[in-house]
Amino acid sequence: MKYKSTRGGVQGISFKDAVMMGLAEDGGLLVPENLPAADIGYLHSCACKSYESLAFEIFKLFADDIEEETLWEIVKESYTNFDSGEIVPVVHKDGIYVAELFHGPTYAFKDIALQFLGNLFEHILKERSEKMNILGATSGDTGSAAIYGVKGKDNINIFILHPSGKVSPVQELQMTTVKSENVFNIAVKGSFDDCQAIVKNLFSDLEFKSKYNLGAVNSINWARILAQIVYYFYIYFRICDEKSNGGKNLRFVVPTGNFGNILAGFYARRMGLPIDKLVLATNENNILHRMISYGDYSVKDVVQTYSPSMDIQLSSNLERYLYYLYEEDSETLDKKMKELNDEKRIHFTEEEINKISSVFLSQESSNEETLSTIRNFYNSTQYILDPHTACGVKAAENFMAKDNCIYVCLATAHPAKFPDAVYKAIGKYPERPEGICKLNDLEKQSYVLNNNTDEVKYFIKNILEEGDKNAG
Ligand SMILES: *Cc1c(COP(=O)(O)O)cnc(C)c1O
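Once a new chain begins, its residue numbering starts again from 1 and follows that chain's sequence as written. Reporting of local features is limited, given that this is a predicted model, to residues whose pLDDT is at least 70; pairs of side-chain atoms are given and counted only at 80 or more, and all residues count toward the totals for whole chains, interfaces and linings. Remark: hydrogens and water are excluded; side-chain values derive from all non-hydrogen atoms of the structure.

The chain is annotated in an unreviewed UniProt entry as Threonine synthase of Flexistipes sinusarabici. UniProt positions are given in the numbering used here, feature names are shortened, and annotations may be inferred rather than shown by experiment. Under the UniProt heading Cofactor (unreviewed entry), the entry covering the chain gives this text: "pyridoxal 5'-phosphate". Of the chain, the UniProt comment under Sequence similarities (unreviewed entry) reads exactly: "Belongs to the threonine synthase family."

Pasting the structure below:
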């Protein structure tokens, strides 16, 4: 399997090179040159064995430059830190299936991909005798999942910037209590945007970037999408094995921010998994809902909601979908991305709008609706939704009233990660899983720095040069 850039400037690179490149060198995103067709019957039989068996079979199709034995080791290692042997348990509540993607070490769905990516990086770096320094900014979930993905791994350091005092208490604890020599939390005296700006400045400092081999773990890395394709198959097979579901169409509802999660569903569908439609759920940052339901893709300001991981306007992974919308024509895509950059909007033709709605449906939840969904769902089922998942359940309820399909809502976070929103909705706090309870007893460690690129740069430099001295 070879990979190319959506913009056409990179072609014929291997899976391992695609993982290490992250963002394509021409500014586009890396995609497989040819999408393999899934052998549904065979994958179904693998899914019956275990989540890991299914993951292995799907990864094999995309990562044919990793020896099978090694790949199997990587897969096994990547799913050992989950608190459910099923990895993705599915519950049935009030006529809706809820697929719990939050059983990894940081209790949000990003663990499913970042545990795998951390192991992949470690394997490839070792093979190539290279070192890598991951640098990222986070407003919460991604930073902690990335830290848990690479802590203790050889040849990797990770520097995560977060706005000092401005991430949720659980998220701060998750990031700063990891005791590992390769993990550095930087609390910047500023906002999340300031953190992002510093990271961007350091990545554009090409001398610094290449000297320290800076790498990113953001959601545009192909390996993250790949890891997420697996659970669409897994969940599909589990639900279709239930006799009562025979013959009904199945739809996935996906709480969406950067379009990474739902894009994996799009790939699963394109590989032949008979998903009827993908339902995209947004909060008040509704640009993708406007795109799908009205063909209106125009950028507005980001507003803060109860579901902060979906407070996004420009979804970094949408470009991959647009590439297929434009029939894999890099030239058209390139033009459209420029249009977006200049005009802050993309214009879709009638035909394109029809094509979008043949795959996607969408629904927006206001802040009030998010809370009332948590409340009503709790009252009728005793099940507590997190505010992101609530946007999905709201969408499922809306469409369920109109047809006879099976709806599966992907639950993207454990409610205990967002206790304040839950408390507002139902007047009580969700029970905390053991992995969150025990964080309170641990010591927090972070370095507080000023909102200043040079200060962060010298901090990183000092750490890495000290490390080199100690190493030899
Ligand atoms: C990251 C995240 C999302 C959004 O997922 P995308 O892949 O960015 O669309 C939704 N919910 C939670 C809890 C998340 O952490």
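Colleague: How should the overall build of the chain be read in this particular structure?
Modeller: Counting secondary structure elements, the chain contains 20 helices and 15 strands. Taking 472 residues into account, the globule formula puts the C-alpha radius of gyration at 23 Å, and the chain, at 21 Å, falls close to it. Projected onto the principal axes, the alpha-carbon positions of the chain cover approximately 65 × 50 × 50 Å. For every residue, the accessible area obtained with a 1.4 Å probe (protein chains only) is divided by the maximum for its type, and the residue is called buried under 20%, exposed over 50%, and partly exposed between those limits. Burial status across the chain gives 58% buried among its 472 residues. In these tables, accessible area is a Shrake-Rupley quantity obtained with a 1.4 Å probe, and a residue counts as shielded only by the protein chains included in the view. For the chain, the accessible area works out to roughly 19300 Å², and carbon and sulfur atoms hold 44% of it. Of the side chains in the chain, 49 bear a positive and 65 a negative charge, and the two mean positions are spaced by 2 Å. By the criteria applied, helices consist of DSSP H or I runs no shorter than four residues and strands consist of E runs no shorter than two, each listed in order from the N terminus. We compute the radius of gyration over the C-alpha atoms and compare it with the globule rule, which gives 2.2 Å times the number of residues raised to the power 0.38. Think of it this way: Lys and Arg go in the positive column, Asp and Glu in the negative one, and His and the chain ends go nowhere. Lys charges are placed at NZ, Arg charges at CZ, Asp charges at CG and Glu charges at CD.

Colleague: For this particular structure, what's the right way to read the UniProt feature "domain: Tryptophan synthase beta chain-like PALP" (unreviewed entry) in the chain?
Modeller: Following the UniProt record, one finds the feature "domain: Tryptophan synthase beta chain-like PALP" (unreviewed entry) at residues 96-321. The annotated region residues 96-321 carries 43% helix and 19% strand content, and the separation between its end C-alpha atoms amounts to 27 Å.

Colleague: Looking at this structure, how should I read the site of the ligand?
Modeller: Nearness of a residue to a molecule or strand requires only that one of the residue's heavy atoms be within 4 Å of it. Lining the immediate environment of the ligand, one finds 15 residues, of which Lys110, Asp141, Gly257, Asn258 and Thr412 sit closest. Residue Lys110 places a side-chain N or O atom 2.5 Å away from an oxygen atom belonging to the ligand. Here a polar contact is taken to be a pair of N or O atoms separated by no more than 3.5 Å, where protein atoms must pair a possible hydrogen donor with a possible acceptor and residues adjacent in sequence count only if both atoms sit in side chains. The backbone of Asn258 places a nitrogen or oxygen atom 2.7 Å from an oxygen atom of the ligand. When the ligand sits alone it has 390 Å² of accessible area, and the protein chains cover 97% of it.

Colleague: Whenever I open this one, the nonpolar core confuses me. Can you help?
Modeller: Most often, soluble globular proteins keep nonpolar side chains buried together rather than apart. Counting residues in each nonpolar core, the largest one holds 113 residues, and the members touching the most others are Ile229, Tyr232, Phe233, Ile235 and Tyr321. Looking at this core element by element, the count peaks at 15 residues for helix H10 (residues 222-240). Domain segmentation is taken from an automatic or database assignment of domains. Here this core spans two domains, and each of domain 1 (85-106 + 222-426) and domain 2 (131-212 + 442-471) adds at least three residues to it. Contact partners of Ile235, with chain neighbours within four places excluded, come to Val88, Val90, Ala99, Leu101, Phe252, Val408 and Leu410. Counting 29 residues, the second-largest nonpolar core is a separate cluster that includes Val98, Phe377, Ala396 and Cys409. We define the nonpolar core as a collection of buried residues of types Ala, Val, Leu, Ile, Met, Phe, Trp, Tyr and Cys that are connected through side-chain atoms lying within 4.5 Å of one another. Throughout, a residue-residue contact means that at least one pair of heavy atoms, one from each residue, lies within 4.5 Å.

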